[in-house]
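As a plain string of letters, each chain reads:
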Amino acid sequence: MSPAPKLHSHLNPVVDTHEILTKVSLFADICDNPEAFSALNKLMNLRLYKAGETIIQEGEPGTDFFILADGSASVFKKTQDGDLYKVAILAGHMGAFFGESGLLEADTRTATIRAESACSCLVLSKTDFENYCNANPQWALPILKRVAKAIMQRLKNMNHDLGLLYKALVDEFAQR
């Protein structure tokens, strides 16, 4: 597993976590509940990354959930030969998040996320999230529903992509 990054003095560690959390779709149902939102906000830890640093590595276990607070990061997947290819670019102002399945169980990462620029990430550990959920199930349920929806959407997108890939391969062989 990759070691946690060190705080880098050239990055601005002043992050308005409340404002950032309001942009994250997983928390939309508790934004109007100051007590629930404040309790969640207190669980967030700030990690800073330099350009080029790996935030999470495909194939490694992980239990942390990340919100890209500032900067940009790229999402990479591995080919069967182990080569990385870029599938998306995330920007901090978009409310981008990743690693949400790690909140549900210790999970093997399905992609590599690499900082393209200096990045600030808010990080929520599985343990802190479980404690939050156990202490306040009425706050947890709407978040868990949105986590499930986000995972389902990623699965749907992957199935769509696999269908396109299959069609392209069939078309390629048909032309030969």
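Our structure is the block above this text.
For the structure given in this document, a descriptive report is provided here.

Conventions we followed
Residues numbered from 1 in each chain as written. Predicted model: local features only at pLDDT ≥ 70, side-chain atom pairs only at ≥ 80, totals over all residues. Heavy atoms only, no water. Phe/Tyr/Trp six-rings, centres within 6.5 Å; stacked < 30°, edge-to-face > 60°. Helix = DSSP H or I, 4+ residues; strand = E, 2+ residues; numbered from the N terminus. Buried < 20%, exposed > 50% of the residue type's maximum accessible area, 1.4 Å probe, protein only. Contact = heavy atoms within 4.5 Å. Arc of directions from axis to C-beta. Salt bridge = Lys/Arg side-chain N within 4 Å of Asp/Glu carboxyl O. Pairing = 2+ DSSP bridges. Disulfide = S-S within 2.5 Å.

**Some thoughts on the packing of aromatic side chains**
Counted by the stated rule, this structure contains 4 aromatic pairs. Ring centres of Phe27 and Phe65 lie 6.2 Å apart, and the angle between their planes is 90°; this geometry places the pair in the edge-to-face category. Here the residue Phe27 occupies a position in the loop between α1 (17-22) and α2 (34-43), and Phe65 occupies one in strand β4 (residues 64-70), the gap between them amounting to 38 residues. Judged by relative accessible area, which is 1%, Phe27 ranks as buried. For Phe65, a relative accessible area of 0% translates into the label buried. Ring plane angle 10° and centroid distance 5.3 Å describe the contact between Phe66 and Phe98, whose orientation is recorded as stacked.

**Section: the environment of Arg114**
Note on placement: Arg114 falls in strand β9 (residues 112-115). Residue Arg114 is classed as partly exposed on the basis of its relative accessible area of 25%. A sequence separation of 60 residues divides Arg114 from Thr54, and the C-alpha atoms of the two residues are 4.3 Å apart. Among residues more than four places away in sequence, those in contact with Arg114 are Gly52, Glu53, Thr54, Ile55, Ala73, Ser74, Phe76 and Leu84.

**Comments concerning α2**
Quick reminder: α-helices carry 3.6 residues per turn. Residues three or four places apart thus point the same way. When α2 is considered as a whole, its buried residues turn out to be Ala36, Phe37, Leu40 and Asn41. Projected down its long axis, α2 carries its buried residues within an arc of 130°, all on one side. Across from the buried face of α2, at angles greater than 90 degrees, the exposed residues are Pro34, Glu35 and Lys42. If you follow the buried residues of α2, they end up packed against α1, β10 (119-125), α3 (126-135) and α4 (137-174).

**Here we look at the pattern of salt bridges**
For the structure on display, the rule yields 6 salt bridges. Between Glu116 and Lys86 there is a salt bridge, with the nearest N and O atoms lying 3.9 Å from each other. Of the two residues, Glu116 sits in the loop between β9 and β10 while Lys86 sits in strand β6 (residues 84-91), which places them 30 residues apart along the sequence. With relative accessibility at 36%, the residue Glu116 sits in the partly exposed group. A salt bridge links Glu130 to Lys126; the nearest nitrogen and oxygen atoms lie 2.2 Å apart. Taken together, the positions of Glu130 and Lys126, both in helix α3 and 4 residues apart, correspond to about one turn of that helix.

**Regarding the pairing of β10**
Most of β10 is tucked away: 7 of the 7 residues are buried. Residue alternation in β10 divides its side chains into two sets, Cys119, Cys121, Val123 and Ser125 and Ser120, Leu122 and Leu124, and both sets are buried. The pairing of strand β1 (residues 45-49) with β10 spans 5 bridges and is classified as antiparallel. Note that in β10 the partner of Asn45 across the bridge is Val123. Sheet analysis places β4 next to β10, joined by 6 bridges and oriented antiparallel.

**Some thoughts on the state of the cysteines**
Scanning all chains against the criterion turns up 0 disulfides. Not part of a disulfide, Cys121 finds its nearest cysteine sulfur in Cys119, a span of 5.8 Å. With no disulfide of its own, Cys133 lies closest to Cys31 among cysteine sulfurs, the gap being 16 Å. Given a relative accessible area of 13%, Cys133 falls into the buried group.

That is the geometry; function is a separate question.
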